[in-house]
Amino acid sequence: MPIELPVVISQATAANGSDRQLEEDLIARLMLDESADVRLVGALQTLQPGGTDQLMLEGIAGEFAMLTWQPADQALQRLRELGIGGRRAAHRDDPTPPEEAGRRIYIIDLSNYRATAPVIESLKSCSADRRTKTIQIGLPIGRRDDHAVQDSKPVSTKASSPSTDPAPLRVANSTAPVNPQAYDDWAENAMESLVDELDQMDL
């Protein structure tokens with residue numbers, strides 16, 4: 001599963017050897033193995049307004065992932081101080097962020113990791129969440145249920161003819177009979193059309 005969102009890696013402040021190694025391994029893995037859009041900036045605490053790193057962050061128009069060595073709330077606050085708008089996006093490392101408006105920023109605290117593989121998996125999960133599309137399926141007005149269908153006039157309990165065919169259904173507020181078999185055919189065709197549409201979408 002490709003990582004289809006920009007990934008910004010913010011370096012640790014006064015990083016020790018293991019922190020620096022994790023950063024280097026992540027950059028190599030994301031660029032070489034995952035072909036991800038990776039961008040490296042200095043430590044968030046040290047970025048200056050108008051600096052090269054701040055201008056690069058401003059150039060990201062859409063959603064992105066932020067790998068930093070700070071908790072998500074502190075990282076977002078620092079981004080906002082630099083004029084980088086957005087909100088914390090929910091993901092498995094940050095499942096219940098405050099509900100706010102704005103573009104999603106997936107903030108991952110690298111201090112919780114010691115290996116690259118879990119970070120890559122978390123990024124792939126964020127990328128998959130970003131690609132998720134919601135499809136709303138509407139039902140027809142003449143659906144066959146007890147609430148939407150009723151007779152337009154009382155039905156006699158006496159048979160008017162020797163025919164054993166059931167009385168035609170009538171849609172509420174309509175005088176046109178609904179043939180049950182015709183409805184079933186319509187529903188089957190509608191479902192086939194929906195399946196074809198889903199097959200053609202890039203989910």
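Residues numbered from 1 in each chain as written. Predicted model: local features only at pLDDT ≥ 70, side-chain atom pairs only at ≥ 80, totals over all residues. Heavy atoms only, no water.

Structural notes on the pattern of salt bridges
Our working rule: Every case where a carboxyl oxygen of Asp or Glu lies within 4 Å of a side-chain nitrogen of Lys or Arg is listed as a salt bridge. Only DSSP runs of H or I with at least four residues qualify as helices, and only runs of E with at least two residues qualify as strands; both kinds are numbered from the N terminus onward. A 1.4 Å probe rolled over the protein chains alone gives each residue an accessible area, and that area as a share of the maximum for its type sets the label: buried under 20%, exposed over 50%, partly exposed in between.
This structure, assessed with the given rule, holds 10 salt bridges. A salt bridge links glutamate 23 to arginine 20; the shortest N-O distance between them is 2.5 Å. On the criterion of helical spacing, the pair formed by glutamate 23 and arginine 20 is a turn pair, its members being 3 residues apart in helix 1 (residues 17-33). Judged by relative accessible area, arginine 20 falls into the partly exposed class, the value being 28%. One salt-bridge network, in which partners are shared between bridges, spans Arg29, Asp33, Glu34 and Lys124.

Focus on unusual backbone geometry
Positive phi is not limited to glycine here, since serine 35 has a value of about 50°. Mapping serine 35 onto the fold places it in the loop between helix 1 and strand 2 (38-41). Residue serine 35 is classed as exposed on the basis of its relative accessible area of 63%.

Details of helix 3 (residues 72-81)
What counts here: Working definition: the arc comes from the directions between the helix axis and the C-beta atoms, pointing outward to the latter.
Where helix 3 is concerned, the buried positions are Ala72, Ala75, Leu76, Arg78 and Leu79. What you see down the axis of helix 3 is that its buried residues fit within an arc of 160°, all on one side. Positive backbone phi, approximately 85°, marks glycine 83, located one or two places after helix 3.

Focus on the side chain of lysine 124
When you line up the elements, lysine 124 lands in helix 4 (residues 116-131). We classify lysine 124 as buried; its relative accessible area is 15%.

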